Structure formats: C-alpha cells, structure tokens
Amino acid sequence: MRVNDYLQVIIFCLVLIGLTPPLGLYMARVFEGKKTVMSPVMGWLENLLYRLCGINQNEEMDWKIYTKALLYFNLLGFLFLFVLQLAQKILPLNPANLPNVAWDSAFNTAASFMTNTNWQSYAGETTMSYLTQMIGLTVQNFLSAATGITVFLALTRGLISKSKSSLGNFWVDMVRSLIYVLLPLSILLAVILNSQGVVQTLSSYKDATTLQGANQTIPLGPAASQIAIKQLGTNGGGFFNANSAHPFENPTPLANFLEVLAILLIPAALVYSYGVMIGNRKHGWLLFFVMFAIFALGLGLALWSEYSISSATIHEGQEVRLGITNSVLWMTATTCASNGSVNAMYSSLTPLAGGVAMFNIMLGEVVFGGVGSGLYGMLHIVLLTVFLAGLMVGRTPEYLGKKIERKEVQMVILSILLPSAAILIGAGIACVLPVALSSLSSKGPHGLSEILYAFTSASQNNGSAFAGLNANTVFYNVVLGLCMIIGRFGVIIPAMVIAGSLAVKRITPVGSGTFATDNFLFAALLVGVLIIVGVLTFFPALSLGPLVEHLLMLKGRGF
Amino acid sequence: MTKTIETNNNMIILTAVKDSFLKLNPKEEMRNPVMFVTFICSAITTVFFFRHLYGGVFSLFELLISIWLWFTVLFANFAEALAEGRGKAQAESLKKSRKEVMARLLVNDKETVIPAGKLKKNDVVVCEANDIIPADGEVIEGIASVDESAITGESAPVIRESGGDRSAVTGGTKVISDRVVIRITADPGGNFIDRMIALIEGAKRQRTPNEIALSIVLSGLTIIFLLAVATLKLFADYSGAAAGQDLSSIVTVPVLVSLLVCLIPTTIGGLLSAIGIAGMDRLIRRHVIAKSGRAVEAAGDIDVLLLDKTGTITLGNRMASDFIPAAGVEQKKLAEVAQLSSLSDETPEGRSIVVLAKEKFELRAQSLHSNEATFIPFSASTQMSGVDFHEKDKKVYRSIRKGAVEAIKKDVEARGGSFPSNLEAEARKVSSSGGTPLAVSDDNKVLGIIHLKDIVKGGIKERFRELRKMGIRTVMITGDNPITAAAIAAEAGVDDFIAQATPESKMDRISREQAGGHLVAMTGDGTNDAPALAQADVGVTMNTGTQAAREAGNMVDLESNPTKLIEIVEIGKQLLMTRGALTTFSIANDVAKYFAIIPAMFGMLYAGQNEVRGPLAILNIMQLHSPLSAILSAVIFNAIIIVILIPLALRGVAYHSESARTLLRRNLQIYGLGGLVAPFIGIKLIDILIVWLKVVQ
C-alpha cells in the first residue's frame, strides 16, 4: 500500500465519523416529530401526503397494528413490482423494446427489492425497461429503506416507553423517513453524481461504431436518480449489470468516494440517533464504535490479504480503474452495510478478502447494516449479550431498565435462527443438487464459496454477488427469493414482537447492581458474542470454502 | 438436620446413581431439549455400532463413542438426581415427624380421638403437654410452649398464645407445657409440612421464568448446531467430490453426531435443573422455605429492602446509657432511685437500668420485701412504672416513679411539684439524638432523666454498605417519631426510613417503589403486615408470625431472623450467576471443540498426491494424535466436564457483595476465559492418555 492508499482510507473514516453526529441528531429530531431545518421546505408535502392518504397523524399503534400495516404495505409493493415486470412490454418508456421478465426472475426481483436485498439475477440494461427501473425498482429502493427505519423506530420506542403499548404510527414514520431523510439526501447525491458524469436520461440506447469498426450499443437511462438511493438506502441494485464498476454508474474518484460514503452514511448516523432517542448518547457511541471496530478489522484483514500476497494468478480480474484500495474499501462497506453494490467483482478477491466479505454478511448485517435493519439486528445481539452476561451479575437481565425475559429471548433466538437456517439449508442443498451445481463457473472450494456467498447474501438481505454463479435459473431465482423473504421478515417480525413486549414493561432505575451497557467491558462482550455466534454457526461451512481455498492458495494452488 | 445429611451422604450418592439410570426414559429426557438431543445421538451411535457388529465389523471407536455419549446423558441425570437427593433426605426426616399422629377433636366440648389425617379446616382440637400438634392451626384459647425443632432445627421452645401475632402453630411440632385449643386452618395434605416436603422433594418443581428463558436460548443454539452439522455433511460431500477424494470413512454419522453433541451446550443443559434445585436447597439449609422458585429468582433482583428497625437493625431492646440529674441532684442519688424503681421491673429496659447503676456507682441491687414495697407495673394508660413504699398498714410514704417525660410531669404536678425546665431541654436533647428520655421522680420531686438508647447491631453498618455496593437500598421501618428514627437511621447507615410506620404507610411505600420500577423485599410477622407482604415482590414471613402473614408472604423463615432477608437476596443472585457463568463456560468450550474435530474430519481434504496432510490440518493446533483420538477426546472431555462441574452447580459460584461491574469482570475471567482455555488443555490431556493406553489409533 502506498501513502495515498492509507490517506484515502483515513479520510473516508474521518468524514464518516464527522458526519455521524449532525445527521444523527437531525434524524432523531425528525423521528421525534420536532421542527428541523427541513420543516419549512418539506412540511407542506408531509401534510399533503397525510391528507391525500387519509392518515391520522395522531393515531397511536400497538405492535400488532403497526406490524400489520407494515406487512400489508410491503406485500402491496411486492405485488406491484411483480406485475409491472410481467407487463413491461406493453407499458410505455421501453425504448429498447425489452420483453416481459420471466416469472421466476420477476419473483426473485420483486422479493429482492421489497426486502432491501437488491440481489440481481438479471442484467439491468437487457432486462428492465426505464419504467420498471423508475417506478418499480427505484420506488422500492426508497420504500424498503424506509421500512427498515420504521422497524427501528418501533423497537426504540418499545425500549423507552413507560408501560404503555403504543409504538407510534407506521404511516407517519414511513412518510417522515422518506421526505425528510431519504428524498433530500438522494436528490443532493443524484445531482452531484450527475455532475460527475453519471447518466440521467430517458432517451434510448445509443449505437456507436468502435475504432475497430464494430457496432456497439451503449445503454443509457435514468441512472443517477436510482444510484443515489441505491447507495443511501443500502439497496445496492445497480442500474447496469456491472453495478458501480460501470463508468456510467461510477465515473470519477469523487463519485466513487461519495458513493462508498453514502453506503454507510445513514446506517452510521442512525446509531447516533438511537443514542439521542434513548437519552444515552454514550451507549449510542458505544454501539457505533463496536460496529466501527469490526468494520475496521475486516477492512484491515482484507487489505492485508490483497496487498501481501503477490502472485500473478491472484491479480486476475482485479479492478484497475479505481484501484485495489477502493475496491476493498467498497467491499467492506457494502458487505457490512447490507448494501450489495459492487465496484469490483468479488470473485476476483483473494480468498481471505472474499471470506471477510462473506463473514461480514454472516454476522447478520449488523455492522452498521442496512438502513434501520442493521440497528434492529444489532439490538437483537445486544439483547442476547445482555441476557447471557447479565445473568453473571446475579440479576434478571435487563436492557435500558427493561427486563429481558422469555418472550424477548425467544424472538431474539428466532431472528438469529431463521436467516442462519436459510443460509445453511439453502447452500447445503445447492451443494448436492445437480441443477444447482450446473450454475457454477468454478469447481473446488471456490465453487462452494460462490454458493455459500449467494445464499448468505440473499438470506441476510445484502444482495451483493460473488459473481461466477449463474443465478438466473428457476432454482436459484425461487429459492433465493424465498431466502430473502425469510431473512427479512424473519427478523422484522421478531423485532416487532419484542418492541410490543418491551413497551408495556416498567423501567427499572439504574443502580450499582445494574449491568452497565455503556462501558468498554460491554463493548468487548458485544463483539465477543457477535463473533462467537457467527463463528460457531458458520465455521464448518467457511472452513470448507474460503478458509481451505486460502490455505491452498498459500501453497500455490488457485481455483 | 444438617447432621443427618452428612451421615447420609453416601446413601444419597448411591440413590442418585440409581436414579440417573431410571431417568434414562425418553419421556423424562424430553423435558430438557439439549439432553434429549444427546439422548437421541447416543441411541443413533449405538445402533450404528450394532449394525456394523452384525455385519461382522467390530468398531471399537463406535463402541467408545456410544459409551461416552451415554455417559454424557447419565452424568446430567446424575447431577439432577444428586440435587434432588439432598432434598429428599431432608424430606424423609420431616415425614417421620408426621407419621400417625392422633388428634383430640373437640366437638361441643367433648373430645374424640381421630387420626390427624382426617382433620379438616375449622375443626377444633385440644393439645396438652407432650401432644404433637396434628395440623396447622391457630391457637384460639390458652398459652403453651412449643418445641418446633422438627421443622426449624431450633431446640429452644417457643411460646404460642391465642390472639396477637404469635398464634400460629405448625402441624408436627410438639407442645411441651400447658394446654391450648387450636382451630385447624389447613385441609389434609395442605399443611405446611406437607407443602414443605413436596417442595424439598422437588415433586412440584416448576421451572422458573429465567430458567425457561435460558432453556430457550439453549434450545435455539442446539437447533443452530443441528443445522450446522447436518449441512456440514452436504458441504463435505461437495468437497469430497471436488477434491476427488473419498471422505466416507471419516465423515460418518457417528462422527457427525459426536461433533453435534460436543457443540450443543450439554454442560449447562445437563446442569441447569440441578442448579435450580440446589438454589432452593441452599435456602432450606438456611431454614428458609420458599413457596416457589420464582420467589428465589425475584430475590436476586431486589433493589429495595424494607427492614424492621427492632430486631433487624437494633438489638431488640433499648438500654440505659446515662443518668442525667436535675439541678441540685447528685448523679449517684438519681442512679440509686432509678435502680430502686427498676428492681422489680423485669423488662429488658428495667434490667439495663439496674445494671447501669451497678456499673457506674457500684450500687448493689437491694432486695425489697413485699411487706414494705409494692411494684407498680407499666401500663399504657399511665405511661409509668415504679414502686410504692408503705408502712405495715399499707399507708404509702414514698412513691418512686419512672416513665415518659410528659407522664411524670403530670404526675409530679398532681403531687404539687413541678418539672424543672432545664431538664425538659435535656430530655429534648436525648430525643433528638435518637434516644428515649425516661424521667425519674421521688414523690413530687423530679430527680433527673435516664437516657435509654437503641443499640445498633454490631456489623450491621458494614452490611448496609455492602448492600449499597450491590445496588440495594435499605429502608428502615419503625414506629418511632421522625427525630428518633432519623438519628438511628444515621447511626445504622440505612438509606431511608419510615417513621411512625403503619401498615398503610408500609403498603404505600412498597407500591410507590414498585411504580418507580424497583423490586421490593420485606419481612413481617403480624397480621397487619399481610397486605404489605403480599404486595412486596419478596415477602419473608417469620415462622413465629400469624397464619395470615404466613399465607401472604412467599417465603417463610423458620428461624424468624429478620436479618435473613439479606442472605436470601444473596442466594437469589448466586442462583442467577451460577446459571450465567456455566452458560458462558459451555459456549466458550465450543471453540476448542471445533479445533479438535474439524481438522480431524477434513485434515486430508485437498491433500496433494504426495502429501500426508491437507491444508486444513493446520487447524489441529492441539497436535492431537489422530482423527479418531481427537474426536474421542473431545467427546470424553464433553462428558467429564459435567461431572467436574457438579459440585460448582450445587454449591453455586462464589459470591461477594460487589458492584455488578466487578462481579461481571471476575466471572468473565473465570468462566469466559477459563471456558475458552480449559478444553484445549483437557482435550489434549485426554488425547495423550488415549494414545498411551493404545485405545484407538
């Protein structure tokens, strides 16, 4: 690594940490319904939406009503996107005259964009019409991110509520997340990206003649507007197949810097908002630095692996336009944050760096994680840590004064179990099913990594692909689609049940007999529990995939 | 009781060994999901062993794995049986006290003798000296001394009398003197001693909320490991095919099953119920009967203690500490008169005055003859006691009185004297320091005042400091006025007090603390304490208390020692800590087991043509001898660790009154770090032993 590489990484971290408090504070005020700088600008829109949709701002919802609203809303989004793809041929804004999407691919894509996974088994420019990209995919990019925020808000309110069942109002939370947070930031980012050369047009694909005289079709489209939210909403579904490795999605170093920053920006700031909302900023910072530490650890390991091993075969396929450092930085951010966008192909990473990517996702996308979803996922791990370690101080475990009992523990375990089960069972079956194995481009341990990565990415709603695996088959489309749904709602529903159960509990005041959650010891414990749960669950699978591949590579055997 | 247990120790272990086999019944094992999975795994390996044997292949490895898996199940059963056994021994001795008692039933003033088992609620029975009280009840007539050693272990007899707070009697105890009439308050089988036996035997043991929550975590982990191991077979098949190797000789069902059993939390799973039973048992050893395990757990969460001043914080009685004479009176004179007034006063206060006078001025107690003096006992209406000296014709010539300042003042004024104003100031000073002033008068002259002082128990202040460190606030309850209460509270170091306490004010305080999110414990004995005892999260009733109070609380202290509350809290905390510590230990163990079994299974995978080892062999950091020895060692360690930890599970982890932070740090070091390191050492040692014994290759 050169000085320049170190500087890029350090500047990235500093900007991220620097932006966290102001944005976090702003969001906390938005979610608490307080006045902010944006109120005069967007307030009219908020009220208009309430009136238009018949939303009663003051209606309080308990966990059941809140969850029901959330589920119906998501189902509606899913159906709309599914039908849109099946009918895009006859709908307008289809200059390339693309055919209807196959049912299995349409199911996979609808599930993928509803669940904030944004796994893409299709290639954008040859599959989706402008209309589908704009009112289908881009809209879901916003809505799925906002859904994550609403769940986080409900859970937070459950934690701070004093013995009442209300968790707020789903519609209000949804509207506020959209128009005060996601929309303004996306517009800002889209405009800047556009200035850097990201395309934004409704005109049709251009034909060009190359220097060799060959004919080339250059795909265009309204990309900048989708890419902004793709990054900010931890979505990751690229407009083009090459995602952010494509020069029209990611043209300049500045664009690259902003796009990778946008991946972690909101998830990181939300941790600060959480600290503000629970009235314990110290605890908020603690969670932030636990996440940051794991992020930094993974980043360091991956960079070390990429730079220390110099063998000709290993540099196959590496991204040279933005460089290794930026590829690895992006990789670490996107796998930590449930984003799934790529600016290089991970299949070409060293096995260890690829393993870091996979392990980041296996941790459950809680290292910053998806917008909202990362934090509520992390809170599940916090509850598990509190339960296990809290017993050791001789009291019924409690978090923020709320007792962690049977119901909470049950739901926490369920939320860890369901995605893990989807990964292991899915990948296990794919490993022995001929129809699944035929999609592999590599054999040996790398093939296992490809399969494992696909199921991990889908079940934890990351959406990044290892590449190398042809996932656009009926088997993968259907099974991975189901994995995404299990991985998303298998965590959301437990989170909502926990919110409902905690909301009605009374708050035990803090004393010296209380298990403290805002000191270094707790941070260390949290990291320990997080990694041990991840390692214990996936160590056997990882050892036969990336680990053995890495060891073989050291012996000079590549796959 | 303790003695019986020790002599029966060998018996208990033998019975527990027998019971651990009896518990090998699927229905019984199903109650514990972790051990049930182990049970199934043992059965599977056994089937494999016999199938291969039938096919003509004797696999020593499979036999050994089967045996050690069965041991794992048996060891867990043994832990539970041992915990239960200790209780059963106690129950036996209790049952003896219950056998075949005859009751003297009283119907219309006529006695009939019937077996105690036939008594119903509201029957009335008579008991005289040497009768065993046939069932729980309330004394409605008479007074008697009762030997309650059968249930309390305390040999000194106690007084039981009708009315008041000492009316409850317990079936199975023995009347030593006098005669009482008792109204029965329990139906057959519902007696205190019956319930106690049921509790100790663990027959009615219900799992407590925290235990259930922990079981859920353990079951969840078990399912995750089940998935990890089941899918490992599929990944192994893929890898074997990809490497062109045949792994079927090492990735076998018995090996996978061994991995599963090693990974699932068998250590805590096997000891969980023993920990719960032992917690109850520790309470019983301190002569406290909890009506439910829930109450024991709640005790660990307590953060406010309501303590009665008298008997808990201060010694039961006030003691004379000083003589303050009125102007112009010698201190010695005051002491002399005060002593005279108290000679026949048998109350502890009275005796303390005699003793103080003797200590200070060497005044020997004179004996008064009844023909020259009459003792005037204390009465609530006069608020005074004293002595009258009289001629033979009963004409009183001298009256000595001592009593409350107000009462003496009135008395002296009635006799034409007056109360010196400077003495009134002195009296106020005594009051404000937490003492009680007792004025002494000789006819119409006030001689001075005696300073009666509440003596705070030795060591109690340090106890409260420890409690504060643990995050527990203490609130003193007293009938004293606020000034006196404040002074004693300051001296004892309690955090708060309720002066002039009434049942309502106690109840009010508890509700207020609970509304603020606190968990409250209190002790009580009187009927008027019943509502507060019921309201408190942990209500400990003194065994001397009334039946109503005993019903209201969720624990009964057989020794009637109010300080016991503090120990109860510690036992509750210890119970939870033991669970947490062993869970942490159990999970931390898994890391080493992966390092033993994964390289054993896949050490050869992707090995080059001329290589003896594949790349994953480097995970064998313990340098275990061979794949089979590695797997066997891990399985044996996994089984043995249960036995090694049984004493800890029964005794509970060491507990000190410390802040949560210190406790956590220490427990993490011992059980977290220890749990990580111990199996590496243990498995390696077992491996060396196996190789030395040439058990497997």
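About the criteria used
All residue numbers refer to position in the chain's written sequence, counted from 1. Chains carry letters from A onward and ligands carry numbers from 1 onward, assigned in written order. The model is predicted, so local features are restricted to residues of pLDDT at least 70 and side-chain atom pairs to those at 80 or more, both for listing and for counting; the totals for chains, interfaces and linings are taken over all residues. Just so you know, side-chain values use all the structure's heavy atoms and leave hydrogens and water out. Helix and strand definitions here come from DSSP, where helices need a minimum of 4 consecutive H or I residues and strands a minimum of 2 consecutive E residues; each element is numbered from the N-terminal end. Residue exposure (1.4 Å probe, protein chains only): buried if accessible area is under 20% of the type maximum, exposed if over 50%, otherwise partly exposed. Note on contacts: a residue pair qualifies if any of its non-hydrogen atoms lie within 4.5 Å across the two residues. Here the quantity called buried area is the accessible surface, traced with a 1.4 Å probe, that two parts lose on coming together, added over both. Salt-bridge detection follows one rule: a side-chain nitrogen of Lys or Arg within 4 Å of a carboxyl oxygen of Asp or Glu. Distance and chemistry together define a polar contact, namely a pair of N or O atoms within 3.5 Å, with one atom able to donate a hydrogen and the other to accept it when in protein, and with adjacent residues in sequence counting only for side-chain atoms on both sides. Here the rule is simple: two strands pair whenever DSSP picks up at least two bridges between them. Think of each axis as a best-fit line through the C-alpha atoms, taken over the contacting stretch in the case of a helix, with angles from 0 to 180 degrees between the N-to-C directions. Annotation comment: domain bounds sourced from an automatic or database domain assignment.

A. Expanded view of unusual backbone geometry. Residue and element names in this part refer to chain B. Positive phi values are uncommon outside glycine, yet aspartate 178 reaches one of about 65°. Here aspartate 178 shows up in the loop between strand E7 (174-177) and strand E8 (179-184). Judged by its relative accessible area of 47%, aspartate 178 is partly exposed. The phi dihedral of glutamine 623 falls on the positive side, at around 55°, and the residue is not glycine. With respect to the helices, strands and loops of the structure, glutamine 623 is situated in the loop between helix H21 (564-602) and helix H22 (627-651).

B. Region of the structure containing the interface of chain B and chain A. Counting residues at the interface gives 67 residues for chain B and 62 residues for chain A. In total, about 5300 Å² of surface goes out of reach between chain B and chain A, with carbon and sulfur atoms giving 74% of it. Interface area lost by chain B to chain A is led by Phe235(B), Tyr238(B) and Tyr606(B), which between them contribute 14%. Along the contact surface separating chain B from chain A lie 0 salt bridges. Where chain B touches chain A, the interface holds 8 residue pairs in polar contact (both at pLDDT 80 or more). Counting only elements with at least two residues in the side of chain B that touches chain A, the list comes to helix H8 (209-243), helix H11 (293-301), helix H16 (460-469), H21 and helix H23 (660-692) of chain B.

C. Representation of the sheet that holds strand E10 (residues 304-308) of chain B. Residue and element names in this part refer to chain B. Strand order across the open sheet formed by 7 strands is E9-E21-E20-E19-E10-E17-E18, with mixed pairing between neighbours. Unpaired on one side and paired on the other, strand E9 (288-290) and strand E18 (496-498) mark the two borders of the sheet. Pairwise comparison of adjacent strand axes, ignoring direction, gives a mean angle of 20° for this sheet. Here 5 bridges tie E10 to strand E17 (residues 473-477), and the two strands are oriented parallel to one another. Counted as the bridge partner of leucine 307 is methionine 476 from E17.

D. Looking closely at the domain arrangement of chain A. All names here are of chain A. Along its sequence, chain A is carved into domain 1 (3-279) and domain 2 (371-554). Distance between the C-alpha centres of domain 1 and domain 2: 23 Å. At the interface, 49 residues of domain 1 touch 45 residues of domain 2. It is Trp119, Leu155 and Leu159 in domain 1 that bury the most area against domain 2; as a group they hold 21% of the surface buried on that side.

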